[in-house]
Amino acid sequence: MATLQVKNVPEDLYAAVKARAAQERLTISDLVLRNLRREVERESMAAWIEHVTARRAGEPPRAIDTQAVMDEVRVEFE
C-alpha cells in the first residue's frame, strides 16, 4: 500500500480535520482517505461540462433572466 504525505497544511485546517475525525470517531488518516476517495470518484469539472454540453447539443440556449433569479435568491435570504 502506498503512503501519501501532505506538506504545509495550515494549522487551522489541520485542527478542523482532527476535530472532524474525532467527531466521526475516525482516525485522521481514515477521514482523509474517505474524502480523497469521494473526490477522485466524482466526475471532473471538464468531464461534467463535456457531458452537459453534449446533452444539450442542438438545443437553443435557454433564456434565463439572471437578474430575476438573483432577486428571488436575495428575497429568500432576507
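All values derive from a computational prediction rather than experimental measurement. (Residues numbered from 1 in each chain as written. Predicted model: local features only at pLDDT ≥ 70, side-chain atom pairs only at ≥ 80, totals over all residues. Heavy atoms only, no water.)

Asks: How do you make sense of the overall build of the protein when you look at a structure like this?
Replies: When its secondary structure is counted, the protein shows four helices and zero strands. Written out in order from the N terminus, the α and β elements of the protein read α-α-α-α. Its C-alpha atoms give the protein a radius of gyration of 20 Å, more than 25% over the compact-globule value 12 Å for 78 residues. Taking the principal axes of the C-alpha coordinates as reference, the protein spans close to 50 × 40 × 25 Å. (Helix = DSSP H or I, 4+ residues; strand = E, 2+ residues; numbered from the N terminus. Rg over C-alpha atoms; globule rule 2.2 N^0.38 Å.)

Asks: Would you take a moment to explain the pattern of salt bridges for this structure?
Replies: Any two side chains of opposite charge can pair, so long as their charged atoms come close to each other. Throughout the structure, instances matching the rule amount to four salt bridges. In this structure, the salt-bridge partner of E24 is R20, at a minimum N-O distance of 4.0 Å. Judged by its relative accessible area of 44%, R20 is partly exposed. Across the pair R42 and E39 runs a salt bridge whose closest N-O atoms are separated by 3.2 Å. A single salt-bridge network, built from bridges that share partners, covers R20, E24 and R34. (Salt bridge = Lys/Arg side-chain N within 4 Å of Asp/Glu carboxyl O. Buried < 20%, exposed > 50% of the residue type's maximum accessible area, 1.4 Å probe, protein only.)

Asks: Please clarify how unusual backbone geometry should be interpreted in this entry.
Replies: Across residues other than glycine, the phi torsion is negative in most instances, and most of the peptide bonds are trans. Non-glycine residue N8 carries a positive phi angle of around 60°. The topology assignment puts N8 in the segment before α1 (11-23). Take N8: its relative accessible area is 75%, and that puts it in the exposed class. Phi at R25 takes a positive value of approximately 55°, unusual for a residue other than glycine. Among the structural elements, R25 can be located in the loop between α1 and α2 (28-41).

Asks: Would you mind going over the packing of α1 against α2 with me for this structure?
Replies: Viewed as axis vectors pointing N to C, α1 and α2 meet at an angle of 100°, and their least axial separation amounts to 9 Å. Regarding the angle of α1 to α2, the classification is roughly perpendicular. The residues of α2 that touch α1, namely those facing Y14, V17, K18, R20 and A21, are I28, L31 and V32. By residue class, the composition of the contact of α1 with α2 is six nonpolar, no polar and two charged. (Axes fitted to C-alpha atoms, helices over the stretch in contact; angles between N-to-C directions. Parallel < 35°, antiparallel > 145°, perpendicular 65-115°, else oblique. Contact = heavy atoms within 4.5 Å. Nonpolar A, V, L, I, M, F, W, Y, C, P; charged D, E, K, R; others polar.)

Asks: Whenever I open this one, a nonpolar patch on the surface confuses me. Can you help?
Replies: Judged by side-chain polarity, L4, V6, V9, L13, Y14, L33, L36 and V40 come together as a nonpolar surface patch covering roughly 750 Å² of accessible area. Of all elements in the fold, only α1 and α2 reach the threshold of two or more residues within the nonpolar patch. In terms of residue count, the dominant contributor to the nonpolar patch is α2 (three residues). Take L33: it is sitting in helix α2. (Patch = residues over 30% accessible without salt bridge, like charges linked within 9 Å, V, L, I, M, F, W, Y side chains within 5 Å. Areas by Shrake-Rupley, 256 points an atom, 1.4 Å probe, with all protein chains shown as cover.)

No statement about biological role is implied by the geometric values presented.
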